[in-house]
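Analysis of the macromolecular model
What follows is each chain in one-letter form.
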Amino acid sequence: MQKRSFGKTRDGKEVFLYSLENKNGVKAEVTNFGAILVNLFVPDKDGKVEDVVLGFDDVTGYEVNPSYFGSVIAPSANRIGGASFELNGQTYALKKNNGENNLHSDDELGSHKKVWDVEEKEDSVTFTLKNGDGELGFPGNKEFKVTYSLDEENGLKIQYEAVSDKDTIINPTNHSYFNLKGHKEGTIEDHKITLLASNYTPADAASIPYGDIVPVEGTPMDLRQELVIGDKIDSDFEQLNFAVGYDHNWVTDGYTGEVRKIATVKAPNDVRIMEVYTDLPGVQFYAGNFIDPQSGKNQAEYGKRSGLCLETQCYPDSIHKPNFPSVVYGPDKNYKSTTIYKFV
Ligand code: BGC
C-alpha cells in the first residue's frame, strides 16, 4: 500500500491518495476525501495501460465535482420523491436539490465532500464516516464503512457496511464514471453493454419511478443481449426522451442477496472488458448524459457521455414504494453489501 498527499481541503486539512496494485499491473487509487475512486489503471490486451475512470488531479477538483466523479454516496444514492419521507410516524425533510426532489442526499454537504477516517491494511483500505442524528435530514447516529481491495483476478471490490441507532434510509453507491478506452478518450457511445436485467423501473420526467416493475422485452431498455450503447440511446422512446438517454434503474436478475454478475461493458475491439458483480437488487445505468463540459485529470476535457456509471443500489425512491426492496436499516438491521468491478 502506497500513500501520498492529495492536497489540502479549503479548510486546510491534508488528505491522501492510497494505491492498491496487483501483479497484473492494475492499480486503483482512492482518497479519504469522499472515499472517492480517483484513478484506475488497467492494461489492455497488449499491455497498454490507461486510466479508465473520470476524475480530477487533486482534492480541489473534488471539492466542486458537480457530477460526483468516483464518489461514494451515502446515506442515500439516487432520488427521493418530494425530498421528504415518513418513518415510524415522523416526517423527515431532505434538501430539494433536483427540482422538488432529493438527489444523492446532499450535493454540498454529502459524504462525497467529507474527509473520512482511514484504516490501512496491507492489501485494502477502509474509510469510515460518522453521520449524526438528523444530519442532512436523515434520522439516526450512523457510521458508514467502505473498504476498497484489489485481487489478483483484477477485481476491484467495494464493501459497504453501515450501522444506525435509529431506523433510517441506507442506500449507498459508488458513482464512478468509466471509459474503457481511457478517461480522456471521448464518448462511451461506442462501448458495448450487457445488463442482466429482465425488468426496470420506469420513471417520470423527473426520474422518480412510478412504482411498477416492467419487462424490458421489446424496448430499447432491453440490454440482455450485448448492444452498442449508441445504437439505441437516442431512440424515440418516452423513457429515453425523459432522461436524455440511459439513466434508469434496472432490476437485476437473480437477486438473492448473494454476489452475482449483473453487467459487462466492452471498449471497442474488446480491448478492455469490465464485468460488474453485486449482491444488490438494482443498478442505475447512467450514460453520462448530463456531464457538463469540464476539465479533468491530466488536462482531460470531459463532456456529455464521456463516461458511464453502473451504480449498484436499491431502487430509487424505495422509501415511497412498498413493493420495492426496503432501504430501511436500524438498530436491528445493519447494512452490508459488496460490489466488484472486474477486468477480464
Ligand atoms: C443520476 C443522474 C445524475 C447523475 C449526477 C446519476 O446517479 O441518475 O440523473 O445526473 O447521477 O448527479
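So, here is what we can say about the structure in this document. Please read these numbers as outputs of a predicted model, since none were measured by experiment.

A closer look at the sheet that holds strand β29 (residues 335–343)
Taken together, 9 strands build an open sheet; the order of strands is β11-β12-β13-β14-β29-β23-β22-β17-β20 and the sheet is antiparallel. The sheet terminates laterally at β11 (117–120) and β20 (227–228), the two strands that pair on one side only.

With respect to the state of the cysteines
This structure, assessed with the given rule, holds 0 disulfides. In this structure Cys314 is a free cysteine whose sulfur lies 18 Å from that of Cys309, the closest cysteine sulfur available. We classify Cys314 as buried; its relative accessible area is 6%.

Examining the side chain of His175
Note on placement: His175 falls in strand β16 (residues 173–175). The residues contacting His175, other than those within four sequence positions of it, are Ser67, Tyr68, Phe69, Gly70, Ser71, Ile73, His104, Tyr286, Cys309 and Glu311.

Focus: the site of the ligand
Within the structure, the ligand sits among Tyr68, Arg79, Leu103, His104, His175, Tyr177, Asp247, Gln284, Tyr286, Phe290 and Glu311. Within the side chain of His104, one N or O atom sits 2.9 Å away from an oxygen atom of the ligand. Contact distances for the ligand include 2.5 Å between an oxygen atom and a side-chain N or O atom of Asp247. Here the ligand loses 93% of its free accessible area of 310 Å² to cover by the protein chains. Split by residue class, the shell around the ligand holds 5 nonpolar, 3 polar and 3 charged.

A short note on the side chain of Thr278
Following the sequence through the fold, Thr278 ends up in strand β23 (residues 273–278). Among the polar contacts listed, one links the side chain of Thr278 to the backbone nitrogen of Leu280, at a separation of 3.2 Å. Reaching out from Thr278, the side chain makes a polar contact with the side chain of Thr339 at a distance of 3.0 Å. Sequence-distant contacts of Thr278, defined by excluding residues within four places in its chain, comprise Glu258, Val259, Arg260, Ile262, Thr312, Thr338 and Thr339.

What counts and how
Residues numbered from 1 in each chain as written. Predicted model: local features only at pLDDT ≥ 70, side-chain atom pairs only at ≥ 80, totals over all residues. Heavy atoms only, no water. Pairing = 2+ DSSP bridges. Helix = DSSP H or I, 4+ residues; strand = E, 2+ residues; numbered from the N terminus. Disulfide = S-S within 2.5 Å. Buried < 20%, exposed > 50% of the residue type's maximum accessible area, 1.4 Å probe, protein only. Contact = heavy atoms within 4.5 Å. Near = heavy atom within 4 Å. Polar contact = N/O pair within 3.5 Å; in protein donor to acceptor, adjacent residues only side chain to side chain. Areas by Shrake-Rupley, 256 points an atom, 1.4 Å probe, with all protein chains shown as cover. Nonpolar A, V, L, I, M, F, W, Y, C, P; charged D, E, K, R; others polar.

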